[in-house]
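# Results of the structural survey
This is what each chain is made of:
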Amino acid sequence: MQPEQDLPGVVVTGVSGRMGQMLVKLIGASEKLRLVGAVEREGTPWIGRDLGEAMGGAANGVRVTDDPLEAFAKAQAVIDFTAPAATVEFAALAAQARAVHVIGTTGFEAGQLAKLTAASRHAVIVRAGNMSLGVNLLTRLTRKVAEALDADWDIEIVEAHHRMKVDAPSGTALMLGQAAAEGRGVALEGHRDSGRDGLTGARKRGDIGFAAIRGGDIVGEHDVIFAGEGERIILRHVATDRAIFARGALRAALWGQDQKPGEYDMMDVLGL
Ligand SMILES: NC(=O)c1ccc[n+]([C@@H]2O[C@H](COP(=O)([O-])OP(=O)(O)OC[C@H]3O[C@@H](n4cnc5c(N)ncnc54)[C@H](O)[C@@H]3O)[C@@H](O)[C@H]2O)c1
Ligand SMILES: O=C(O)C1=N[C@H](C(=O)O)CCC1
């Protein structure tokens with residue numbers, strides 16, 4: 001086992017969030033990574049507090065800061081599940097610090113994605129709308145099934161998440177839609193149909209549909225439906241514990257230590 005001070009140091013951003021707290025717990029139990037910093041939004045109640053105490057346990061010596069530049073300077077990896085604008089800012093700072101930037105944040109616009117690509121010229125970025133092994137396997141399966149079927153089979157992606165989720169379709173649904181489009185040999189942008197409401201007219205052949213359910217504490221559920229004449233194939237993933245996403249992110253932070261600058265995803269990390 002490596003002495004603790006030699007393990008790659010990780011900074012968690014959005015540390016008081018649902019994913020931030022899950023990441024801190026898993027890093028605390030890890031023998032391969034150590035927590036060296038915790039970042040939150042300016043003005044939030046945890047700033048300046050000991051992180052362990054803020055989480056309701058014993059002090060762990062990591063003070064929560066709203067200064068990402070200072071925190072990233074000590075890090076070999078930044079694990080970031082926050083919000084699109086924050087992640088774009090963190091990407092430039094992580095690249096400056098030459099830290100691997102693991103991005104779980106979803107809901108980016110095209111211009112924001114271009115800025116992440118620019119940052120990846122100088123540092124390793126691993127980004128995925130879903131970091132779990134199960135969803136990444138489902139993505140592969142979706143592509144394979146879409147390859148095998150023609151446009152007589154309508155593809156619909158139905159996702160369900162907790163009431164606090166702010167973006168739709170989910171990052172996972174978009175990953176699955178992208179895989180379905182690739183399997184069919186088309187661009188998702190020309191075939192995406194989300195948010196049906198009112199007198200929509202009949203379904204357009206070849207479209208890939210998206211529907212979003214929001215409620216309660218649902219961790220994340222995704223169905224990819226291939227609806228044909230007289231039969232239906234449904235590929236499904238159900239998440240019951242956010243630890244699946246955090247485990248993937250830790251794996252990506254370690255994997256990224258040996259990579260050249262560039263943009264990667266969980267398929268690269270998992271070798272799928
Ligand atoms: N890729 C995946 O596997 C995966 C899994 C779960 C969630 N997510 C995504 O991760 C993101 C966060 O999800 P969550 O459920 O933890 O949300 P959350 O709202 O519980 O947590 C987000 C945290 O980020 C903080 N934050 C926002 N702006 C910040 C800034 N400028 N600086 C520092 N901190 C900032 C917020 O204060 C909050 O504490 C969402 O985009 C969600 O879709 C991705
Ligand atoms: O809770 C969330 O928010 C989740 N976001 C990701 C997405 O948008 O797909 C992954 C699942 C949980």
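Looking at an unreviewed UniProt entry, one finds the protein named 4-hydroxy-tetrahydrodipicolinate reductase, with Albidovulum denitrificans as its source organism. Reading the Subunit (unreviewed entry) entry of the UniProt record for the protein gives the comment "Homotetramer." Check the Function (unreviewed entry) section of the UniProt entry for the protein; it says "Catalyzes the conversion of 4-hydroxy-tetrahydrodipicolinate (HTPA) to tetrahydrodipicolinate."

## Some points on the nonpolar core
Judged by nonpolar contacts, the single largest core of 39 residues is most densely connected at L51 and I79. Considering every element that reaches this core, the biggest residue donor is helix α8 (residues 243–255), with seven residues. Non-local contacts of I79, meaning those with residues more than four positions away in its chain, are made with V10, V11, V12, T13, L23, V102, A249, L250 and A253.

## Observations concerning the UniProt feature "active site" (unreviewed entry) in the protein
With numbering aligned to this structure, UniProt lists the feature "active site" (unreviewed entry) at H161 and K165. The residue H161 is located in strand β7 (residues 154–161) in this model. Here H161 falls in the buried class, since its relative accessible area comes to 7%. Setting aside residues up to four positions removed in sequence, H161 forms contacts with S170, I213, R214, G215, I218, V219, G220 and H222. Here the side chain of H161 touches E159 through a polar contact of 2.8 Å, side chain to side chain. With respect to the secondary-structure elements, K165 resides in the loop between β7 and α7 (171–184). A residue is classified by how much of its surface remains accessible, and K165, at 18% relative accessible area, is buried.

## Observations concerning the site of ligand 1
The environment of ligand 1 is made up of 21 residues, and the closest members are R18, M19, E40, T106 and K165. Between ligand 1 and the protein, one listed contact pairs an oxygen atom with a side-chain N or O atom of E40 at 2.5 Å. Within the contact set of ligand 1, an oxygen atom lies 2.8 Å away from a side-chain nitrogen or oxygen of K165. Within the complex, the protein chains bury 82% of what would otherwise be the 850 Å² of accessible surface of ligand 1. Only α1 (18–28) and α4 (84–96) provide two or more residues apiece to the shell around ligand 1.

Conventions adopted
- Residues numbered from 1 in each chain as written.
- Chains lettered and ligands numbered in written order.
- Predicted model: local features only at pLDDT ≥ 70, side-chain atom pairs only at ≥ 80, totals over all residues.
- Heavy atoms only, no water.
- UniProt positions renumbered as here; feature names shortened; annotations may be inferred.
- Core = buried A, V, L, I, M, F, W, Y, C linked by side-chain atoms within 4.5 Å.
- Buried < 20%, exposed > 50% of the residue type's maximum accessible area, 1.4 Å probe, protein only.
- Helix = DSSP H or I, 4+ residues; strand = E, 2+ residues; numbered from the N terminus.
- Contact = heavy atoms within 4.5 Å.
- Polar contact = N/O pair within 3.5 Å; in protein donor to acceptor, adjacent residues only side chain to side chain.
- Near = heavy atom within 4 Å.
- Areas by Shrake-Rupley, 256 points an atom, 1.4 Å probe, with all protein chains shown as cover.

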